[in-house]
Every structure is written in C-alpha cells, then in structure tokens.
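Overview (structure and organization)
Next come the chains, spelled out residue by residue.
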Amino acid sequence: MTVPIRAIEAPPAGIGRFNTLPVLIILFCLIWSSAFAVAKIALADSPPLLLLAFRFLIAGSIVLAGCALLLPRTEFSRLTGRDLIALALMGILNNACYLGLSYIGMTHVSSGVTAVLVSANPLLTALAAAPLLGERLTGRKLLGLVLGMAGVALVVRSRIVSGHEDPVGMAYVAGALVTLTAATLLFKRVRTSASLWVGSGIQLLAGGLALLPVALWRENLADVHLTMPLALSFTYLMFAGSLGAFTLWFFILGRTSATRASALHFLMPPLGLMFGWLLLGERVPPFDLVGIIPIALGIRLVTTTPEKH
C-alpha cells in the first residue's frame, strides 16, 4: 500500500470557497513556458549538462537545508528506503533526463519549438494512464488530445519544411517528452511519505548527482563563460524553474488526474512561442499561429470534461 505525499491534501474547511488552483495553473504555465527562452539565453554561455547539474545541485541543497532548519526532524526520519528510491528515480527522470535532453535539443532548435514538442505530453500520458493508472479516457478527451496533437504536428511540420529547425535537435526533445511522461505516471503510481518540499529537494539533488558525472565527461568547464546574462538566467531557472515550477507542478498533479494535469502542457505552445519572440526575437511563422487553434480547442475538450467517480 502506497502512502500519499502529506503536503498534498484538501484545504481546511475554514479557508473559504475561493479556488486557488486556476491561479496556480496560470502561474505554473507562465514560469514553465518562459523557462525555455531563458534557458536558451543561458546556453549561449554554458554547455547544457553543466548548466543543469549545477542548477539542480544548488537548488536541491537550498531546499533540503531549508527543510532541515524549518521542519521537524520527523520529515526526514519517516522516509523509508523505498521512498528514497522512488524520489530519486522521479528526480532522475524529471530533472536529469527530461531537462538534460531538452537542453541538448535546444542547442540545435529554437525555444519555441521545444515548448511545442513538450506540450505533446498529455497524449502520451492519457494513453498510458488508461491501462497503468485506471484513468478513464473518454471519447471527448481523446478527441481533444488528438486535436491538440494535430496542432503540434502542424507547427513542427512548418518548422522542418521551412528549414528553421534541426531534426536531430527535435529527436532529443522528443526523448525528453518520453521521460517527462514517464515521470508524470510514476508520480501518480508511486506515492511516498515525503512532504512536498522534502520530496522536491531530494528529486533535485538526485537529478544533479546523476547528471554531474555525465556533464563532466561530455563537456568542458572552460566552456562556461561567467557573463551577466548567464548569471541572471541561471538565477531565474534555479529559483523560478527548479524551486517554483516543479513544486507547483507536483502540487497541481496531486489535486487532479494525470491526464487532466498533463493537459496543461497544451498551454505551452502559444506561451513558449511568445516568450521566444519577446526574449530572443525568434521568428514565428504563420503556420505556428494556425496550429494554436486546434491546440486551444484540445485544451477546452480535455480540461472541461467532468470526471465521473
């Protein structure tokens, strides 16, 4: 029998009727989608894996140190070996694999198309959640996911045909998509006794420890250039991305189904394209805008379907 993460619980009855979940969803989407463009800025002055390894190690250390100072000792003593293994595996999938492959891919492709490809997570999650988690995949949800994927495919095709993107880079991002889906399903399948912050800290540290030897083997520290853009983007990615977005994601994921939570990624294409255009001046072809229409319709169909209990 698995034990749920204790930090993800229904709010006390006295809090009121205001539903904060939509606000948290909007905040998560803004942080998550902007991180692609910010990461592209950082990658101009640092190899991808070294950038991520140091980001995870520092962020994880900060989180766990804060937990050790502010939370009771029982937050750590209650953890079992099974909890640590599960959290470490989620951290490796979510951090080392997903972002590692994404960042390598972004050295070849734009931040906007990376956001578009990653937004395909809901279809893979929905298809796998049905047999693995027992979540019902209705015809309405399936139609929404297919429409969203059709929009994603339209954007990707226009980018490849126009010669603006490298297929090798897209292959790396596609691999990142698979690991993100696996991490989403693992989180819903295997619960631990860790609180939200302790669990996030362990996952960050595990991702950094797993990635560091690979980064030192593949990349050269001399290629890291300590510039102001790198410092600013690294700070944003560490605090807003590692500490903020992932904590929000797991909080949202714990309050809804895996399919509905992952469908939030269909908001990423327009936001990712927008931030790429605003921060990097990335070109947005007309077919990108056309592709957003079925993506938006897919969001509507997937996220508004009432769940039956």
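Throughout what follows, the structure given in this document is the object of discussion. (Residues numbered from 1 in each chain as written. Predicted model: local features only at pLDDT ≥ 70, side-chain atom pairs only at ≥ 80, totals over all residues. Heavy atoms only, no water.)

**Here's the deal with helix α1 (residues 21-43)**
The condition that has to hold: Secondary structure elements are defined from DSSP: runs of H or I of at least 4 residues count as helices, runs of E of at least 2 residues count as strands, and each element is numbered from the N terminus. Here the expected length of a helix is defined as 1.5 Å per residue gap, with one fewer gap than residues. Two axes enter the definition of the bend at a residue: one is fitted to the seven residues ending there, the other to the seven starting there, and the bend is the angle between them.
Between its terminal C-alpha atoms α1 stretches 33 Å, which fits the 33 Å expected from 23 residues at 1.5 Å a residue. Taken as a whole, α1 carries its principal kink of about 30 degrees at Ala35.

**Points about the pattern of salt bridges**
Let me state the cut-off plainly: Each salt bridge in this description consists of a side-chain nitrogen of Lys or Arg and a carboxyl oxygen of Asp or Glu lying within 4 Å of one another. Classification of residues uses two cut-offs on accessible area relative to the type maximum, computed with a 1.4 Å probe and protein chains only: under 20% is buried, over 50% is exposed, and between them is partly exposed.
Evaluation of the coordinates by the stated rule reveals one salt bridge. In this structure, Arg82 and Asp83 form a salt bridge, with 3.9 Å as the shortest nitrogen-oxygen distance. The class of Arg82 is partly exposed, set by a relative accessible area of 42%.

**Brief notes about the packing of aromatic side chains**
Our working rule: Think of it this way: a Phe, Tyr or Trp ring, Trp meaning its six-membered ring, pairs with another when their centres are within 6.5 Å, and the plane angle makes it stacked under 30 degrees, edge-to-face over 60, tilted otherwise.
Evaluation of the coordinates by the stated rule reveals two aromatic pairs. Geometrically, the ring pair formed by Trp32 and Tyr98 is stacked, given 5.9 Å between the ring centres and 20 degrees between the ring planes. Residue Trp32 is located in helix α1, and its partner Tyr98 is located in helix α4 (residues 81-106); the two are separated by 66 residues in the primary sequence. A single burial state applies to Trp32 and to Tyr98, both of which are buried. By the ring-pair criterion, three or more aromatic residues cluster together here, those being Phe28, Trp32 and Tyr98.

**Some details on helix α6 (residues 121-133)**
Taken together, the buried positions of α6 are Asn121, Pro122, Leu123, Thr125, Ala126, Ala128 and Ala129. Directly after α6, the chain includes Gly134, whose backbone phi takes a positive value near 75 degrees.

It is worth stressing that arrangement in space is one thing and function is another; only the former is reported here.
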